[in-house]
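Tertiary structure, described
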Amino acid sequence: ARDVAQIAGNVDYETGNVSYNGNVEVKGTVVGGFSVKSTGDVVILESVENGVEIEAGGDVTVKQGIVGEKTKVVAKGGVQAKFVQDATIVAGGDVVVDSYIRTANVQTETAVNVTGGGASGGIIGGETWALNSIVSKNVGAEGTAQTLVCVGVLPTLFEEYKKNKEEADKASQTKLALMKSLSIQKLDLELVSKLVEKNPHKKDAILDYLKKATEAEQIETACRDEMAVLARKMEESAKTAHMDVTSTAFHKIRIRIGDSETVLNENLDGHRFRLNRGGDEEGVGWVPLAEADKE
């Protein structure tokens, strides 16, 4: 079992920032402007105020709310809270919220579940991204700012894909420029040996160029391989990804599944949203939850 650092009250000016190799348990609140970093789990028995940073190698559990535009919670595991307002949450595991997620930015590599205690429970405004699924009581609300819900895709994966593409393109340009200076069409040892035979005085420079071009080629290959893995991951996720809304999915919410997006133009009660199965109908479709179980 991991060691546990217990903080008897709040994380504030008295305790300062907390950084611990193990689990952390805070009996009070994490006050605005302070941070808690742990290699294990973080448990907070009260709330997380605006301007707090939490990083955990495991799960984060907050018995009350996580609030504030300047608040960021990053967990390798899951995140659990009573409610989330305006904050940013990035999780590796499930994000489970009792009451509501309001105008927040939430993303997880697994699932988001909002049980939705209270009449207006659910996901209202902001952006919620989950690779596998979202289950929520309500999504959107009358007269609120737009709500974006996405499954089967993640900004982090998208960014990673883009970064790999940029690196691959850059490496490719470097390789081509070096080959051009050597006047060779491909990285071929025979061609290079001939080049060295013809220009023995330039041997070191030629071999140096060859080494750099080979390194660039290896970087390009590695990045392209990584792109293929990420593309497959997003494609596979999109196929099975879905969002279940147990009460009302309000009109005007934006739903994105993989590469497809739609804006709802009516309120729908008790539906599952997923990619249309085959047929001419591409894009986002929906079925009543009662029928969804039979799919």
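Heads up: these notes are all about the structure in this document. (Residues numbered from 1 in each chain as written. Predicted model: local features only at pLDDT ≥ 70, side-chain atom pairs only at ≥ 80, totals over all residues. Heavy atoms only, no water.)

The next subject is the pattern of salt bridges. Counted under the stated rule, the structure contains 14 salt bridges. Note that Asp169 and Arg224 form a salt bridge whose closest N and O atoms lie 3.1 Å from each other. Taken together, the positions of Asp169 in helix H1 (residues 155–182) and Arg224 in helix H3 (residues 203–240) put the pair 55 residues apart, joining distant regions of the chain. What makes Asp169 partly exposed here is its relative accessible area of 28%. (Salt bridge = Lys/Arg side-chain N within 4 Å of Asp/Glu carboxyl O. Helix = DSSP H or I, 4+ residues; strand = E, 2+ residues; numbered from the N terminus. Buried < 20%, exposed > 50% of the residue type's maximum accessible area, 1.4 Å probe, protein only.)

With that settled, the discussion passes to H1. In this model H1 runs 41 Å from its N-terminal to its C-terminal C-alpha over 28 residues, within 8% of the 40 Å that 1.5 Å per residue would give. All of the buried residues in H1 are Leu157, Asn164, Ala168, Ala171, Ser172, Lys175, Leu178, Met179 and Leu182. Each element contacted by the buried residues of H1 is listed here: helix H2 (189–198) and H3. (Expected span 1.5 Å × (residues − 1). Contact = heavy atoms within 4.5 Å.)

Right, let's talk about the packing of H1 against H3 for a bit. When two helices pack together, their arrangement is given by the angle between the helix axes and the distance between those axes. With their axes 8 Å apart at the nearest point, H1 and H3 run at an angle of 155° to one another. The angle between the axes of H1 and H3 places the two elements in the roughly antiparallel class. In this structure, the crossing between H1 and H3 has a hand that is left-handed. Here the contact of H1 with H3 is composed, by residue class, of 18 nonpolar, four polar and 11 charged. (Axes fitted to C-alpha atoms, helices over the stretch in contact; angles between N-to-C directions. Parallel < 35°, antiparallel > 145°, perpendicular 65-115°, else oblique. Left-handed = near helix turned anticlockwise from the far one by under 90°. Nonpolar A, V, L, I, M, F, W, Y, C, P; charged D, E, K, R; others polar.)

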